[in-house]
Structures are given as C-alpha cells and as structure tokens.
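Structural overview for review
Each chain is listed here by its residues.
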Amino acid sequence: VENPLAHENDDQAAEISQRLLHYFEATEEVVEETAEEVVEETAEEVVDELVEIFREEAIDLLSRFNESLENWRSAPDDEEASTEIKRLFHTIKGSARMAGVNAIGDLAHNTESVLDQTERTENVVDDKVFDLVEEVHDTLQMMVENPLASDNDAQAGNLNRRLLSYFEPAEHVADSEEPEAVTE
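This text gives an overview of the structure that appears in the document. (Residues numbered from 1 in each chain as written. Predicted model: local features only at pLDDT ≥ 70, side-chain atom pairs only at ≥ 80, totals over all residues. Heavy atoms only, no water.)

1. Considerations on the packing of aromatic side chains
Geometry of an aromatic ring pair is reported as the spacing of the ring centres plus the angle between the planes. Evaluation of the coordinates by the stated rule reveals two aromatic pairs. When the centroid spacing of 6.0 Å and the interplanar angle of 70 degrees are considered together, the rings of F65 and F89 count as edge-to-face. One end of the pair, F65, is in helix α2 (residues 65-74); the other, F89, is in helix α3 (residues 79-98), and 24 residues separate them in sequence. When the centroid spacing of 4.9 Å and the interplanar angle of 85 degrees are considered together, the rings of W72 and F130 count as edge-to-face. (Phe/Tyr/Trp six-rings, centres within 6.5 Å; stacked < 30°, edge-to-face > 60°. Helix = DSSP H or I, 4+ residues; strand = E, 2+ residues; numbered from the N terminus.)

2. Brief notes about the side chain of K86
Note that K86 resides in helix α3. Of note is the side chain of K86, whose polar atom sits 3.2 Å from the side chain of D116. For K86, the contacting residues outside a window of four places in its chain are E112, L115, D116 and E119. (Polar contact = N/O pair within 3.5 Å; in protein donor to acceptor, adjacent residues only side chain to side chain. Contact = heavy atoms within 4.5 Å.)

3. Let's talk about the environment of D131
Inspection of the secondary structure assignment puts D131 in helix α5 (residues 127-145). Here D131 falls in the partly exposed class, since its relative accessible area comes to 42%. (Buried < 20%, exposed > 50% of the residue type's maximum accessible area, 1.4 Å probe, protein only.)

Okay, structure coming up:
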C-alpha cells in the first residue's frame, strides 16, 4: 500500500529545495557584488588617503626648499647644502611613487639625478643649475596642489626633457627625440 502523502511530500521537498537553491544562488551573487564594491571603494579610499598624505608631506618639504636653495646658492661648493636639496627631491620622489603619482616622482628623480651627475662630473654649479632647480621646484608646487591632475604629465614633460638632456651639447638636444623619464 502506497502512502499518497509520500509523493506530495516529495514534490514539496523538491520545490523547497529549488527555492532554497535559487535563494542561495541569488544571495551568493549579491554577496559577491557587494564584496567587489567594498574592495573597489576601499582601494579608492586607500589611494586617496595615500595621495593626501603625500600631498601634505610634499607641501611641507617644498616649503623648506627656498631656504635650502639660498644656502646652496651662497655656497655652491657646500656639499651639505647640495645634499639637503637632493634629499628633498629624493623624499618627494619616493613618496610620490608610493602614492602612484608618477609624474611628480619622475620629475623629482630626474632632478636628483642631474644634481648627482653634476657632483660626480665635478661640473660647475652655476646660476643655470640653480635656475633649473628653482623652476622644477615651482612646477612641483603647482603639481602637488592637485597630484592626480591629468595635465601633470604635460607640466613635467618639458622639464624632464631639459633635465635628461642637461649634459648633452646644445645642438644635440635640439635634434634629439623626446626622452622618456628615467625610472629606477
């Protein structure tokens, strides 16, 4: 003798199983979408926070620049004075790259490299060097105000070209291709 409720219970169990399966699949999709959104938002928040920390540090460093440059201008052979300027650019380079602000990092790196090469080759540190370094400082100040601005690459481009070709003969610089930023 067959129990008539058994089939009915089986049908109900199958329907409940289907509903639960559908519910769990839908819930899984919502959880995955929510998790992806949270990860994206968190990543954006971290980047924004890193950029803001970089910005504050760079503003502080750049505010000390004028005094350091004047000390160096008054004593061009003073290694301590030139080291202080290079240290400023080195710190900005590292902080900018860590925050993903590569245009600023590359400009600071190229400036530091020119100053290093000037010392290594024992070139004269003259007004031309000081003026170029001061121009980089002024450009960095503008770029640091809005580190993620889309025109930062263009702002840094001309200066990077001039920095990278600083030790080339003038006629070679005029004929050369646009050099890329040097990266470590």
